[in-house]
Amino acid sequence: MSHKRIPKRKAAMAVGGVVALGAAAILLPNANASQDGASDGVAAAPKTLKAGDASDLATRLAGTLGDAYAGAWYDGEDKQLVVNVVRGENTMALKVRSAGAEVRWVDNSMTELEAGAGALKSEATIPGTSWAVDPRTNKILVTADSTVTGDKWDQLESTVENLGSGMATLKKSAGTFRTFASGGDAIFAGGARCSLGFNVTAGDGSPAFLTAGHCAAAGDQWSDQQGGEPIATVDQALFPGAGDFALLTYDDPATEAPSEVNVGGQTVPIVQAAEATVGQQVFRMGSTTGLADGQVLGLNATVNYPEGTVTGLIQTDVCAEPGDSGGSLFTQDGLAIGLTSGGSGDCTVGGETFFQPVTTALEAVGATLGAGGAGAGGQAGGQEQGAGQDAGDGEAGADDQAGAGDQAGAGDQADGQDAGTGQDGAGGQDGTGTGSGRHSGQDSELSRTH
């Protein structure tokens, strides 16, 4: 890796794992938003916005519109913010258009949708279920994994039906919700392997990094090599509950901790943290599966893991597998968005994946991230750094792992599950996320993988 660090220390902690990447196409956002009833022929055309700017605008409009606001999402194809406005609120719709966003009339207010989510929490907090408001459908998206059967399924289905027609959509997932502990760079404690998310500066000015909170259960001291000397110590951690994040401080206060994600042959500078926006194109880096991309599907998601309920997460269709826990979720222009928490499926069949928002984690632990020490919620300042440049050939990293054996420890110690056999492409794969050949070989560019 580049830009590293202390003498005689393997350069292993510049956020993200070194992988050999596949796919040659440079990322192009592909979100498509329906805009039924969005225009009455009065307002000017919506502004063209970057995803980060759209997120800021959505936050401002949510405060301005009050009860008329019913969510928003980013149309990546047209690069516009689409804002849901409760039908009949014409004055508020004009404010949306004046601010440069597109209006879409809807029936369900955000208050009604949040009340529905509250009913699900009280009546259907069942392990293997999740829910999040989907602004593109103006409904609550409820998902049940393969373990939700029999009476549990009947209970969930009945709760959804009782919310009323047009309030929720119930979906069955073929996989099983689990945390992805077992990877950017691989980090180790006990028998567990997880992923470093983002380098940050702790409140006292010392170098540190963020990862998943459920990883901290494996031990207080973490290494950049399996069985190696510790390089970082858990300072704060939360899981389950109102998040899934941990702050680890580097044991050597002279450690250089660059704000970047290494995606294999190139690094993406991380400028600042930012809120996610539904429809936004995002990348995930992890030590098991390397680089993957997809879209944000929902915000403030609730996930009922076997270990307990976690709230306030980001729901995406980005794939992940055991060993990717804690890994970085970021954008093409260098915004830190999330930390990998868990989900279902894998990078062969896909699935649902959930992420801890970086902004919330930074605020909770009192850390800062990005150029000039910028903290949570900032913007990238219009920079388009790091993405889509020729990176040369992807490199293979140093920390060779046996995959399944490492993962077993993560399941037993970090997650309390049997995570261990063959789920992260077991069998002599290296800890850099080359996996099962999904990201091997070709042009190493920040690129779409599915």
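Everything numeric in this text was worked out from a predicted model, so none of it was measured.

Trainee: I would appreciate a short explanation of the layout of surface pockets in the present structure.
Mentor: In this approach the atoms are scanned with a rolling probe the size of a water molecule, which exposes any empty space left behind. In this structure, the largest pocket occupies an estimated 710 Å³ of space. Counting residues per element, the ones that place at least two in the lining of the largest pocket are helix H1 (51-65), strand S1 (69-75), helix H3 (110-123), strand S4 (129-134), strand S19 (290-305) and strand S20 (308-316). In the lining of the largest pocket, the residues fall into 18 nonpolar, 10 polar and three charged.

Trainee: Can you walk me through the state of the cysteines in this structure?
Mentor: Any covalent bond linking the sulfur atoms of two cysteines counts as a disulfide. In the structure shown here, the tally under the stated rule is two disulfides. Note on cysteine connectivity: Cys-194 is disulfide-linked to Cys-215, with sulfurs 2.0 Å apart. The disulfide joining Cys-194 to Cys-215 has a torsion of about -95° about its S-S bond and is therefore left-handed. Residue Cys-194 is found in strand S9 (residues 192-195), and its partner Cys-215 is found in the loop between strand S11 (207-211) and strand S12 (221-222); the two are separated by 21 residues along the sequence. Its relative accessible area of 0% is what places Cys-194 among the buried residues. Residue Cys-215 is classed as buried on the basis of its relative accessible area, which comes to 1%. Residue pairing for Cys-319: its cysteine sulfur links by disulfide to Cys-347, the two sulfurs lying 2.0 Å apart. The sign of the 90° torsion about the S-S bond sets the Cys-319-Cys-347 disulfide as right-handed.

Trainee: Looking at this model, I keep getting lost on the environment of Ser-195. Mind explaining?
Mentor: Relative to the elements of secondary structure, Ser-195 occurs in strand S9. By relative accessible area, which is 0% here, Ser-195 ends up buried. Distance in space between the C-alpha atoms of Ser-195 and Leu-339 is 9.2 Å, their sequence separation being 144 residues.

Trainee: Please explain the packing of H1 against helix H2 (residues 90-99) as it appears in this structure.
Mentor: Between two packed helices, both the angle of their axes relative to each other and the distance between the axes serve to describe the pair. One way to put it is that H1 packs onto H2 with a least axis distance of 11 Å and a crossing angle of 155°. In this view, H1 runs roughly antiparallel relative to H2, as classed from their interaxial angle. Here H1 runs over H2; the crossing is right-handed. Residue-level inspection shows Leu-57, Leu-61, Thr-64 and Leu-65 of H1 in contact with H2, the latter providing Met-92, Lys-95, Val-96 and Ala-99. Residue classes in the contact of H1 with H2 are distributed as six nonpolar, one polar and one charged.

Trainee: I tried to follow the confidence of the model for the chain on my own but got confused; where do I start?
Mentor: Detailed reading of the predicted coordinates is not advisable wherever pLDDT falls low. With 71% of its residues at a pLDDT of at least 70, the chain reaches an overall mean of 77. Of all the helices and strands in the chain, helix H6 (residues 404-415) carries the lowest mean pLDDT, 34, while helix H5 (residues 358-365) carries the highest, 98. Note on residues 371-445: pLDDT under 50 across the span, and 210 contacts to partners over four residues away in sequence or across chains.

Trainee: So what exactly am I meant to see when it comes to the pairing of strand S2 (residues 80-86) here?
Mentor: Along any regular strand, the residues point their side chains to alternate faces of the sheet. Taking burial as the measure, the seven residues of S2 include seven buried ones, the bulk of the element. What you see with S2 is no split at all: Gln-80, Val-82, Asn-84 and Val-86 on one side and Leu-81, Val-83 and Val-85 on the other are buried throughout. Pairing of S1 with S2, which is carried by five bridges, proceeds in the antiparallel orientation. Bridge pairing in S2 places Ala-72 opposite Val-83. From the end of S1 to the start of S2, which pair antiparallel, there are four residues, and Lys-79 there has a positive phi angle of about 55°. The parallel pair S2 and strand S3 (residues 102-106) is bridged by H2, and the resulting crossover is right-handed.

Trainee: In this structure, what is going on with the sheet that holds S12? I would like to understand it.
Mentor: Strand-to-strand pairing in sheets goes through backbone hydrogen bonds, with the strands running parallel or antiparallel. Across the sheet, five strands lie side by side as S10-S11-S14-S13-S12; this open sheet has antiparallel pairing. Edge positions in the sheet fall to strand S10 (198-201) and S12, since each of these pairs with one other strand and no more. The sheet contact formed by strand S13 (residues 232-238) and strand S14 (residues 245-250) spans six bridges and is antiparallel. Its bridge partner being in S14, Thr-233 is matched across the sheet by Thr-249.

Trainee: Sorry, what's going on with the sheet that holds S2 here?
Mentor: Strand order across the open sheet formed by three strands is S1-S2-S3, with mixed pairing between neighbours. The open sheet terminates on both sides in strands that have one partner only, identified here as S1 and S3. Here the strands of the sheet are splayed against their neighbours by 25° on average, with no regard to which way each runs. Alignment of S2 against S3, held across five bridges, turns out to be parallel. Across the sheet, Val-83 pairs through a bridge with Val-103, a residue of S3.

Trainee: Can you walk me through the packing of H3 against helix H4 (residues 150-162) in this structure?
Mentor: For the pair H3 and H4, the least separation of the axes is 10 Å and the interaxial angle reads 155°. Taken together, the axis directions place H3 and H4 in an arrangement best described as roughly antiparallel. For the element pair H3 and H4, the recorded crossing hand is right-handed. For the pair H3 and H4, contact is made by Ala-119, Leu-120 and Glu-123 and by Gln-155, Leu-156, Thr-159 and Val-160, respectively.

Trainee: Which parts of the structure should I look at to understand the pattern of salt bridges?
Mentor: Close approach of charged atoms allows side chains with opposite charge to pair. If you walk through the whole model with that rule in mind, you get four salt bridges. Where Asp-107 meets Arg-87, a salt bridge forms, and the shortest distance between an N and an O atom there is 3.0 Å. Here Arg-87 lies in the loop between S2 and H2 and Asp-107 lies in the loop between S3 and H3, a separation of 20 residues in the sequence. Like Arg-87, Asp-107 is exposed. In this structure, the salt-bridge partner of Asp-324 is Arg-284, at a minimum N-O distance of 3.6 Å. Residue Asp-324 is located in the loop between S20 and strand S21 (328-330), and its partner Arg-284 is located in strand S18 (residues 281-286); the two are separated by 40 residues in the primary sequence. Comparing Asp-324 with Arg-284, the two get one shared label, buried.

Trainee: Would you mind showing me how to read the nonpolar core here?
Mentor: Generally speaking, nonpolar side chains in soluble globular proteins are found buried as a group. Counting 37 residues, the largest nonpolar core has Leu-81, Val-83, Val-85 and Leu-120 as its most contacted members. Element by element, the count of residues in this core is highest for H1, at six residues. Leaving out residues up to four positions away in the same chain, Val-83 has contacts with Leu-61, Leu-65, Tyr-69, Gly-71, Ala-72, Val-96, Ala-101, Glu-102, Val-103 and Arg-104. One finds Leu-210, Ala-273, Leu-291 and Ala-336 within the second-largest nonpolar core, a separate group that totals 24 residues.

Reading the values: the criteria
Residues numbered from 1 in each chain as written. Predicted model: local features only at pLDDT ≥ 70, side-chain atom pairs only at ≥ 80, totals over all residues. Heavy atoms only, no water. 1 Å grid on protein atoms, 1.4 Å probe; cavity = no way out; pocket = protein on both sides within 12 Å on 5 of 7 lines; lining within 4 Å. Points joined across faces, edges and corners; volume = space filled by probe spheres on them. Helix = DSSP H or I, 4+ residues; strand = E, 2+ residues; numbered from the N terminus. Nonpolar A, V, L, I, M, F, W, Y, C, P; charged D, E, K, R; others polar. Disulfide = S-S within 2.5 Å. Buried < 20%, exposed > 50% of the residue type's maximum accessible area, 1.4 Å probe, protein only. Axes fitted to C-alpha atoms, helices over the stretch in contact; angles between N-to-C directions. Parallel < 35°, antiparallel > 145°, perpendicular 65-115°, else oblique. Left-handed = near helix turned anticlockwise from the far one by under 90°. Contact = heavy atoms within 4.5 Å. pLDDT = per-residue confidence, 0-100. Pairing = 2+ DSSP bridges. Right-handed = clockwise from strand over helix to strand, strands pointing away. Salt bridge = Lys/Arg side-chain N within 4 Å of Asp/Glu carboxyl O. Core = buried A, V, L, I, M, F, W, Y, C linked by side-chain atoms within 4.5 Å.

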